[in-house]
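# Inside the fold
Each chain is listed here by its residues.
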Amino acid sequence: MASSDLEDLCFHINMKISTIKKTLQLRNIGQEPSLKSMLCKIGHEMVLLHDLLNKMETEVQQQEKLKDLLKELQKSAERDQNEAQHLRENIPPHLPKPTQSCITGPPVKCEEQTKVVEPERAKKPTKEPRLIKEAPLITAEEFESVPAYMKGRLTYDQINAVVQEVNKAVVGKYKILHQPLKSMNAAVRNLYHRFLEEETKDTKALGPVGNQGHPCARSQPLQLAGDS
């Protein structure tokens, strides 16, 4: 047996002897009445420290999970931002143009309004034309938000074509209702009286689009007298 092996064996035996001596010393200390309370207190604190370490380990694991979720959220936000930027820079040219009823002019200040209105008061009051509200055409984003099982029934262009036909029918009806009786011929006057009979208090309160008697509820669009 080499000398190094003997040294290792001696070191191992000495460590065992030292450990046994320390154990015996602790055992003797534990038997002393004056030190028992201190040892019990130390043991209790060790248990509390062990529980605290477990809680810290659990908290660290939760924080790591939260960090992973925040990274995924950041990636998703960056992806959405890139998509929005791409849509902004590449607007489809085939989107429908806004109708005249959807276009609103810039706001006019009260002082400018008074300046414009004052000279008009000297003139004869003219009747302001009544605006007929039209339903706006749907956009590509609105069409994409439609559930997939409904997209196969009508295409984007077909829906906007129906909206245009509805607007055309509503405008035709309320042009007749706003037209003076003296300027009507017999056919238009019959339509005028029929529209009045179909209206009720509830439909008058709803306005042109909410009227139950407007021509868009019929199978054929309204044709004015003189149209051929």
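How each quantity is defined
- Residues numbered from 1 in each chain as written.
- Predicted model: local features only at pLDDT ≥ 70, side-chain atom pairs only at ≥ 80, totals over all residues.
- Heavy atoms only, no water.
- Helix = DSSP H or I, 4+ residues; strand = E, 2+ residues; numbered from the N terminus.
- Buried < 20%, exposed > 50% of the residue type's maximum accessible area, 1.4 Å probe, protein only.
- Contact = heavy atoms within 4.5 Å.
- Areas by Shrake-Rupley, 256 points an atom, 1.4 Å probe, with all protein chains shown as cover.
- Phe/Tyr/Trp six-rings, centres within 6.5 Å; stacked < 30°, edge-to-face > 60°.
- pLDDT = per-residue confidence, 0-100.
- Patch = residues over 30% accessible without salt bridge, like charges linked within 9 Å, V, L, I, M, F, W, Y side chains within 5 Å.
- Salt bridge = Lys/Arg side-chain N within 4 Å of Asp/Glu carboxyl O.
- Expected span 1.5 Å × (residues − 1).
- Core = buried A, V, L, I, M, F, W, Y, C linked by side-chain atoms within 4.5 Å.
- Axes fitted to C-alpha atoms, helices over the stretch in contact; angles between N-to-C directions.
- Parallel < 35°, antiparallel > 145°, perpendicular 65-115°, else oblique.
- Nonpolar A, V, L, I, M, F, W, Y, C, P; charged D, E, K, R; others polar.

From N to C terminus, the chain includes eight helices and zero strands. When its helices and strands are written in sequence order, the chain yields α-α-α-α-α-α-α-α. Of all 228 residues assigned to the chain, the portion counted as buried reaches 13%. The long-range fraction of contacts in the chain, counting pairs at least 24 apart against all pairs at least 6 apart in sequence, stands at 58%. Of the roughly 20,000 Å² of accessible surface on the chain, 58% is carried by carbon and sulfur atoms.

With that settled, consider the side chain of Asn-167. Relative to the elements of secondary structure, Asn-167 occurs in helix α6 (residues 156-177). Of the residues examined, Asn-167 reaches a relative accessible area of 8% and is grouped as buried.

A separate point is the packing of aromatic side chains. If you walk through the whole model with that rule in mind, you get one aromatic pair. Ring geometry for Phe-143 and Tyr-156: centres 5.7 Å apart, planes at 75°, overall edge-to-face. Remark: Tyr-156 occurs in helix α6 and Phe-143 occurs in helix α4 (residues 140-144); sequence separation between them is 13 residues.

Here we take up the environment of Gly-172. Counting through the fold element by element, Gly-172 comes out in helix α6. Taking the C-alpha atoms as reference, Gly-172 lies 9.8 Å from Ile-132; in sequence the two are 40 residues apart.

Here the chain averages 76 in pLDDT, and 71% of its residues register 70 or above. Of all the helices and strands in the chain, helix α3 (residues 110-122) carries the lowest mean pLDDT, 52, while helix α2 (residues 33-89) carries the highest, 90.

A few words on a nonpolar patch on the surface. A surface patch of nonpolar side chains, about 950 Å² in accessible area, is lined by Leu-26, Ile-29, Met-38, Leu-39, Ile-42, Met-46, Leu-49, Leu-52, Leu-53 and Met-56. The set of elements that each furnish at least two residues to the nonpolar patch consists of α1 (3-31) and α2. Considering every element that reaches the nonpolar patch, the biggest residue donor is α2, with eight residues. Relative to the helices and strands, Leu-49 resides in helix α2.

Bringing α6 into the picture now. For α6, built from 22 residues, the straight-helix expectation of 32 Å at 1.5 Å per residue is met to within 8% by its first-to-last C-alpha distance of 32 Å. Every buried residue of α6 is listed here: Tyr-156, Asn-160, Val-163, Asn-167, Ala-169, Val-170, Val-171, Gly-172, Lys-173, Tyr-174, Ile-176 and Leu-177. The elements touched by buried residues of α6 are α4 and α7 (186-198).

Here we take up the nonpolar core. Grouped together as the largest cluster of nonpolar side chains are eleven residues: Ile-132, Val-170, Val-171, Tyr-174, Ile-176, Leu-177, Met-184, Val-188, Leu-191, Tyr-192 and Phe-195. Breaking this core down by element, the ones donating at least two residues are α6 and α7. Among the elements that line this core, the one with the most residues is α6, at five residues.

Bringing the packing of α6 against α7 into the picture now. Packing of α6 against α7 leaves a shortest axis separation of 9 Å and a crossing angle of 100°. With respect to α7, the element α6 is oriented roughly perpendicular. On α7, the residues that touch Lys-173, Ile-176 and Leu-177 of α6 are Val-188, Leu-191, Tyr-192, Phe-195 and Leu-196. Here the contact of α6 with α7 is built from residues that sort into seven nonpolar, no polar and one charged.

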